[in-house]
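# Tertiary structure, described
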Amino acid sequence: QVQLVESGGGLVQAGGSLSLSCVASGSILSIKSMNWYQQAPGKQRELVAGIKLDGSTTYSHSAEGRFTISRDNAKNTVYLQMNSLKPEDTGVYYCNADVVKLVGTVWYGWGQGTQVTVSS
């Protein structure tokens, strides 16, 4: 089995910064992509940023220029550095990953989420 565990959320004032981490563990051969999603109160989960095994990245329009996604393949970990935070960045941030397991099958799943609250 594969597990994703997020950490690093919290309460911050507008204009501040937070850094999120997500560690994948289990029977992992490789992780094709790792992504961060935001679920704002009363809204659907939306992609914030993603990073592939080759390091290529994608960002939402809102995150572009303020957030930076990175990964450490040796540690099966993805990071999200969030700067210049705005109240609309408030929500639960979920990590998800597209994993090739040691037995060769594919696993796609989510972490439990970490709360980010930005006060105005």
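Above this text is the structure in question.
Residues numbered from 1 in each chain as written. Predicted model: local features only at pLDDT ≥ 70, side-chain atom pairs only at ≥ 80, totals over all residues. Heavy atoms only, no water.

## Topic: the overall build of the chain
Short version of the rule: Strands are runs of DSSP state E lasting at least 2 residues, helices are runs of H or I lasting at least 4, and numbering of each runs from the N terminus. Only C-alpha atoms enter the radius of gyration; for comparison, a globular chain is expected to reach 2.2 Å times N to the power 0.38, where N is the number of residues. A simple rule labels every residue: compare its accessible area, found with a 1.4 Å probe on the protein chains alone, to the largest value its type can have, and call it buried under 20%, exposed over 50%, or partly exposed in between. Pairs of residues are marked as contacts when any of their non-hydrogen atoms sit within 4.5 Å.
Secondary structure summary: the chain contains 0 helices and 11 strands in total. Secondary structure elements in the chain, listed N-terminal to C-terminal, are β-β-β-β-β-β-β-β-β-β-β. For the chain, the C-alpha radius of gyration of 14 Å lies close to 14 Å, the compact-globule estimate for 120 residues. Oriented by its inertia axes, the alpha-carbon framework of the chain measures out at about 50 × 25 × 20 Å. Looking at the chain as a whole, 43% of its 120 residues qualify as buried. In the chain, of all internal contacts separated by at least 6 residues, the share reaching a separation of at least 24 is 55%.

## Describing the side chain of S21
Structurally, S21 is set in strand 3 (residues 18-26). Overall, S21 belongs to the buried group, its relative accessible area being 19%. Apart from residues lying up to four places away in sequence, S21 is in contact with V5, E6, S7, W36, V78 and Y79.

## Concerning the sheet that holds strand 3
We apply this condition: For two strands to be treated as a pair, DSSP must find no fewer than two bridges joining them. Angles here are taken between N-to-C directions and fall from 0 to 180 degrees, while the axes themselves are lines fitted to C-alpha atoms, restricted in helices to the stretch in contact.
In space, the 4 strands of this open sheet follow the order 1-3-8-7, with antiparallel pairing throughout. Two strands close off the open sheet at either side, each with one partner strand: strand 1 (2-7) and strand 7 (67-72). The average undirected angle you get between the axes of adjacent strands in this sheet is 15 degrees. As defined by bridge partners, strand 7 adjoins strand 8 (residues 77-82) across 6 bridges and the pair is classed as antiparallel. Note on strand 8: the bridge partner recorded for R71 is V78.

## A closer look at the layout of surface pockets
What counts is decided by this rule: Think of a 1 Å grid over the protein atoms and nothing else: a 1.4 Å probe that fits but is trapped marks a cavity, an open set flanked by protein within 12 Å on at least five of seven lines marks a pocket, and residues with an atom within 4 Å of a point count as lining. Grid points are joined across faces, edges and corners, and a volume is the space filled by probe spheres set on the points. Lys, Arg, Asp and Glu make up the charged group, whereas Ala, Val, Leu, Ile, Met, Phe, Trp, Tyr, Cys and Pro make up the nonpolar group; the residues left over, Gly among them, are polar.
Size it by volume and the largest pocket reaches roughly 230 Å³. The greatest single-element share of the lining of the largest pocket, amounting to 3 residues, is contributed by strand 5 (residues 45-52). Residue classes in the lining of the largest pocket are distributed as 6 nonpolar, 4 polar and 4 charged.

## Some words on the state of the cysteines
So the rule is basically this: By definition, disulfides here are pairs of cysteine sulfur atoms that lie within 2.5 Å.
Counted according to the given criterion, the structure contains 1 disulfide. A sulfur-sulfur separation of 2.2 Å characterises the disulfide bridge that pairs C22 with C95. Measuring handedness by torsion sign, the sulfur bridge of C22 and C95 sits at about -75 degrees and is left-handed. Note that C22 is positioned in strand 3 and C95 in strand 9 (residues 91-101), a separation of 73 residues in sequence.

## What to know about unusual backbone geometry
Of note, N76 is a non-glycine position whose phi angle comes to about 50 degrees, a positive value. You can see N76 is positioned in the loop between strand 7 and strand 8. Overall, N76 belongs to the partly exposed group, its relative accessible area being 22%. Phi is positive for S84, close to 50 degrees, though the residue is something other than glycine.

So yeah, pure geometry; function would need other evidence.
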